[in-house]
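Results of the structural survey
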Amino acid sequence: MRHLRSLKDISLGKTWLTVGVFDGIHRGHQEILKALSAGAHQAGATAVVLSFYPHPAAVLGKRADLKYLTPPEEKAELLGRLCDVDVLVTHPFNHDVAALSPEDFMAKLKDHMDLQKLLVGYDFALGKNRKGDAAYLTQLGLKDGYTVQQFPPIYDNAEVISSSRVRDSLADGNVVAANQLLGHPYALTGNVIHGDGRGRKINIPTANIAVSSEKAIPANGVYACYVYVDGVKQPAVTNVGIRPTFTPNQAEASIEAHLLDFNRDLYDQALRLEFIEHLRPEKKFSGVDELISQIHADIKKAREILK
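Residues numbered from 1 in each chain as written. Predicted model: local features only at pLDDT ≥ 70, side-chain atom pairs only at ≥ 80, totals over all residues. Heavy atoms only, no water.

**Remarks on the packing of aromatic side chains**
Evaluation of the coordinates by the stated rule reveals 4 aromatic pairs. Their ring planes at 50 degrees and their centres at 6.1 Å tell us that Phe52 and Phe105 sit as a pair that is tilted. Of the two residues, Phe52 is situated in strand β3 (residues 46–53) and Phe105 in helix α5 (residues 102–110); the sequence distance between them amounts to 53 residues. The residues Phe52 and Phe105 share a single accessibility class, namely buried. Here the basic side chain of Lys233 rests over the ring of Tyr226, its NZ or CZ set 4.4 Å away from the ring centre. (Phe/Tyr/Trp six-rings, centres within 6.5 Å; stacked < 30°, edge-to-face > 60°. Helix = DSSP H or I, 4+ residues; strand = E, 2+ residues; numbered from the N terminus. Buried < 20%, exposed > 50% of the residue type's maximum accessible area, 1.4 Å probe, protein only. Lys NZ or Arg CZ within 6 Å of the ring centre and 35° of its normal.)

Given below as structure tokens:
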């Protein structure tokens, strides 16, 4: 799959397109994206996703503290792996883009692709003041030669699936609920960095993973996870938090994964960490012996979940 950072280098023939932020690539998004790729390929067209970065809500001041479920590179990986999309365009979003009329934005797209079909979600709108909803774009398409297909919302537990619901589940540490909404495990990616070496001293070594500050992190606690090392899935117990037994005044949460039955140097390697189930909250222990005992209990529980 091609991942481009603007429309500048694009000149496509017959194209099916969807436009949106698609943060998380949750099950509602996947309904549109899989229909896009399947329909486009059957029609001999290119399946193109146009997403925005930074998030429009952050640029327009609606969510100054917004954290991403899938930053652009992670989004590209998921789109290729889960949805068979051909091209992702991560379009820069700023106040100039926000001020474009639907007519001007669609004309800009038509300069770079022979747009045949536009697929949109139930609440989709683009252009200044969100004027370009599905009905409005359908009328534009009659003139410009493309059709519009709008998709209904997808529900889980009688509520519409949304990126906000995923973020709320992660903030509660409920990764099972988050994964149910996503339709795939929530994941973090980052390089392994040097820590204080405390885990190795107690014979429970951990990989300290540096994650982008823009990324949404599950609530502090201990989780059963899978870690991908060179494409191979390894079971792990992961602590997210400030390690209150040793560093109670630490400001930012650390992410430390203990890979089960694994003993290799992982420094500077990029790892993918998938969250499967929350084991317990983070807590302060009376000393090292109590901590070690609890970690072994966590490992036993994780084995049962991940086997």
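Past the structure itself, the notes keep going.
**Observations concerning the sheet that holds β3**
Within the open sheet, the 6 strands sit side by side as β1-β4-β3-β2-β5-β8. Their pairing is parallel. Single-partner strands in this sheet number two, and they are β1 (2–4) and β8 (147–150). Strand-to-strand twist of the sheet, defined as the mean angle between neighbouring strand axes without regard to direction, takes the value 25 degrees. As defined by bridge partners, strand β2 (residues 12–19) adjoins strand β5 (residues 113–120) across 6 bridges and the pair is classed as parallel. Bridging across to β5, Leu17 finds its partner in Leu118. Taken strand by strand, α5 contacts β2, β3, β4 (87–92) and β5, and its axis lies near 130 degrees from that of β5. Against the sheet, helix α6 (residues 134–144) contacts β5 and β8, and its axis sits at roughly 160 degrees relative to β8. (Pairing = 2+ DSSP bridges. Axes fitted to C-alpha atoms, helices over the stretch in contact; angles between N-to-C directions. Contact = heavy atoms within 4.5 Å.)

**Brief notes about helix α7 (residues 163–171)**
Residues of α7 that are buried: Ser163, Arg165, Val166, Arg167, Ser169 and Leu170. Tucked into the core, α7 has its buried residues touching α1 (27–42), β9 (155–156), β10 (159–160), α8 (175–182) and β11 (186–193). Just past α7, the residue Gly173 takes up positive phi, approximately 80 degrees.

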